[in-house]
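A look at the structure
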Amino acid sequence: MQIQHPGGDGARTRVRLREKMGYGIGDFGFNLYWANISAFLLIFYTDVMGLAAAAVGTMILVTRVFDAVTDPLMGAIADRTRTRFGRFRPYLLWGALPLAFAGVLTWTVPDLGDTGRLVWAYVTFSLMMLAYTVLSTPYSALSAVMTNDSQQRTTLISFRFIAAFAGTTVVNAFTLDLVRWFGGGNEALGWQLTLGLYGVVASLLFATVFFSTRERIAPPPQQRSDVRQDLRDLLDNRPWKVLFVLALVIMVTIVMRSGATVYYLKYYLERPDLTGWFLGSYSVALAAGAALTPVMTRFVDKKRLMVWLMAAVGVLSCAMFLVPRDAIWLLFVLNTLVGLALGPKSPLAFSMYADCADYTEWKTGRRATAMTFSAATFSQKLGGALAAAVIGWVLAAMGYVANEAQSDASQLGIALLLTVIPGVVAFFAALVMRAYPLDASTMAEVQDALDARRAEHA
């Protein structure tokens, strides 16, 4: 298939419902991995593999920093890929099975000593995240080349994150039950087989994305740039730099809350039986927030909406710290409201990344779509790595001991990791977002100018 520029009549490309659904379902597959990493990987390493919390925190930080560095490289490779199927779609086929295999290895407990298991964790987690990057970077960039309309992109990406949070809901609600069922008393085997099942399902979903989507926007035909030029363009792009910082900050909030939740329920509330319901209701709220995003952006500018939502996350998260442990219903309500406020974050942010790719093309005459998304993903992974490391370090500093009753200090640390610390970070994210310069009227001018420019080269 040859990729054509949008027509020169200024018309915006509309994406059919079937294609939106086909694109969106891919993130269900990605979250069969990502939701497990966010919610269960840390406690898997400490409580199943038997690794020390501080060592796990450092391991996740080191491996995720390495993984984050690979994102811009993968973005550069994807931007320069040339196939008859497009630049980005083929990776959804090529990378699916390696990711499935690496996922099973990551959730495998080897018959080694403490040092051997830690080395195993370093190697397998690094391999899994590298395989994840090979698929996720082109997948994210794909949304920016399916349509040239900013509102259509917001709708398209909302479909993506509805599916993402649906995948998160499935993982949060059923994973522990699957582990028990597959393991039959052998928790390590249960995790291994559960991730094998998730890998098969995810591979089929990635193939669905490949066969149901179409790339419509290509770089300007006269473009001749190297990777260094792409990076210079990003560093000169003020909107993208704001989003880079925002992505890092918000991911700290999200990953810290997700990673601390299982510890909070198991050791602070002493109600591990509520894990599926607590995480499941949170995930449903995330999906509902994502679904409402296109409606909200029709009435509220993306920038203003993001500021309001992150401020709400800060208030609600901090309020949870003040709730007594036995007020379970109130904790459920507040946690669900946090999910509802965080749900639109991802559709908004990824839609704005696509706008940044347009802004760079308008400003410089060059387009590097995958580089724009991958460099933003670099920031997200740094934020996620920092959050996971902080969880491990705080647990160790507060005297956490796996599978034992926790001290008062350890319980306090666990409570703060779910409530006040991510709440303060969310307030900071709201402040960062105020510096974002692309409002709806500015983007309309940018896209009209690009339509006229593309018409000259059609």
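Scroll up for the structure.
All chains use their own residue numbering, which begins from 1 and follows the written sequence. In keeping with the model being predicted, local features are shown solely for residues with a pLDDT of at least 70 and side-chain atom pairs are shown and tallied solely at 80 or more, while totals for entire chains, interfaces and linings include all residues. In computing side-chain properties, one takes all heavy atoms of the structure into account and sets aside hydrogens as well as water.

**Quick notes on the overall build of the chain**
What the chain contains, in helices and strands, is 17 helices and zero strands. In terms of C-alpha radius of gyration, the chain reaches 22 Å, essentially the compact-globule figure of 23 Å for 458 residues. Seen along its three principal axes, the alpha-carbon backbone of the chain occupies a region of about 70 × 45 × 35 Å. When contacts within the chain are restricted to residue pairs at least 6 apart in sequence, long-range pairs at least 24 apart make up 85% of them. For the area figures, the Shrake-Rupley method with a 1.4 Å probe applies, and any residue is considered shielded solely by the protein chains shown. With an accessible surface of roughly 17400 Å², the chain has 66% of that area assigned to carbon and sulfur atoms. Positive charges come from Lys and Arg alone, negative charges from Asp and Glu alone, with His and the N- and C-terminal ends not counted. Just so you know, the charge point we use is NZ for Lys, CZ for Arg, CG for Asp and CD for Glu. Charged side chains of the chain number 38 positive and 31 negative; the gap between the two group centres comes to 6 Å. Per the convention used, a helix needs a DSSP run of H or I reaching at least four residues, while a strand needs a run of E reaching at least two, with both numbered from the N terminus. Both definitions apply: the radius of gyration is a C-alpha atom measure, and the globule rule equals 2.2 Å times residues to the power 0.38. In this description, contact between two residues means that some pair of their heavy atoms is separated by no more than 4.5 Å.

**What to know about the packing of aromatic side chains**
Stacked, tilted and edge-to-face are the three classes applied to pairs of Phe, Tyr and Trp rings, where Trp contributes its six-membered ring and a pair requires centres within 6.5 Å; stacked means planes under 30 degrees apart, edge-to-face means over 60, and tilted covers the rest. According to the stated counting rule, one finds 21 aromatic pairs in the structure shown. Ring centres of phenylalanine 44 and tyrosine 45 lie 5.8 Å apart, and the angle between their planes is 50°; this geometry places the pair in the tilted category. Summarising the burial analysis for this pair, phenylalanine 44 and tyrosine 45 share the class buried. Taken together, Tyr23, Phe30, Trp34, Tyr132, Tyr139 and Phe206 form an aromatic cluster joined through their ring pairs. Over the ring of phenylalanine 210 we find arginine 89, and its NZ or CZ is 4.6 Å from the ring centre. We call a charge positioned over a ring when the NZ of a Lys or the CZ of an Arg lies within 6 Å of the ring centre and within 35 degrees of the ring normal. In this arrangement the basic side chain of arginine 325 is found over the ring face of tyrosine 268, its NZ or CZ atom lying 4.0 Å from the centre. Partly exposed describes any residue whose relative accessible area lies between the buried limit of under 20% and the exposed limit of over 50%, with all areas from a 1.4 Å probe on protein chains only and scaled to the type maximum.

**Overview of the packing of helix H9 (residues 238-268) against helix H13 (residues 345-364)**
Here the axes come from fitting lines to C-alpha atoms, over the contacting stretch only for helices, and the angles between their N-to-C directions go from 0 to 180 degrees. Their axes nearest at 10 Å, the elements H9 and H13 cross at an angle of 160°. The angle between H9 and H13 places the two elements in the roughly antiparallel class. For the pair H9 and H13, the sense of crossing is left-handed. Between H9 and H13, the residues in contact are Pro239, Trp240, Leu243, Ala247, Ile250, Met251 and Ile254 and Lys345, Met352, Tyr353, Cys356 and Tyr359, respectively. Class assignment of the residues belonging to the contact of H9 with H13 gives a composition of 11 nonpolar, no polar and one charged. Working rule for angles: under 35 degrees goes down as roughly parallel, over 145 as roughly antiparallel, 65 to 115 as roughly perpendicular, anything else as oblique. The crossing is said to be left-handed when, going from far helix to near helix, the turn is anticlockwise and less than a right angle, and right-handed when the turn is clockwise. Residues are grouped as follows: Ala, Val, Leu, Ile, Met, Phe, Trp, Tyr, Cys and Pro are nonpolar; Asp, Glu, Lys and Arg are charged; every other residue, Gly included, is polar.

**Notes on the environment of arginine 325**
You can see arginine 325 is positioned in the loop between helix H11 (302-321) and helix H12 (328-342). What arginine 325 contacts, discounting residues up to four positions off in sequence, is Tyr268, Leu269, Leu331 and Gln411.

**Some words on the side chain of threonine 261**
Checked against the element boundaries, threonine 261 lands in helix H9. Given a relative accessible area of 3%, threonine 261 falls into the buried group. A distance of 2.6 Å separates a polar side-chain atom of threonine 261 from the backbone oxygen of arginine 257. Threonine 261 has contacts with Phe278, Leu279 and Leu418, leaving out every residue within four places of it along the chain. Nitrogen and oxygen atoms within 3.5 Å of one another constitute a polar contact, given that in protein one can donate a hydrogen and the other can accept it, and given that sequence-neighbouring residues count only through two side-chain atoms.

**Quick notes on helix H10 (residues 275-297)**
In this model H10 runs 33 Å from its N-terminal to its C-terminal C-alpha over 23 residues, within 8% of the 33 Å that 1.5 Å per residue would give. The angle separating two fitted axes, one through the seven residues that finish at a residue and one through the seven that start at it, defines the bend at that residue. Remark: the principal bend of H10, roughly 30°, maps to alanine 291, with a proline, proline 294, within the next four residues. Expected helix span is taken as 1.5 Å per residue step, with the number of steps being one fewer than the number of residues.

**Overview of the pattern of salt bridges**
Salt-bridge detection follows one rule: a side-chain nitrogen of Lys or Arg within 4 Å of a carboxyl oxygen of Asp or Glu. This model, assessed by the stated rule, comprises seven salt bridges. For arginine 180, the salt bridge identified is with aspartate 177, shortest N-O distance 2.4 Å. Highlighted residues: arginine 180 and aspartate 177, both in helix H6 (residues 150-183), separated by three residues, approximately one helical turn. Of the charged contacts in the structure, one is a salt bridge between aspartate 273 and arginine 271, with a shortest N-O distance of 2.9 Å. A relative accessible area of 51% places aspartate 273 in the exposed class.

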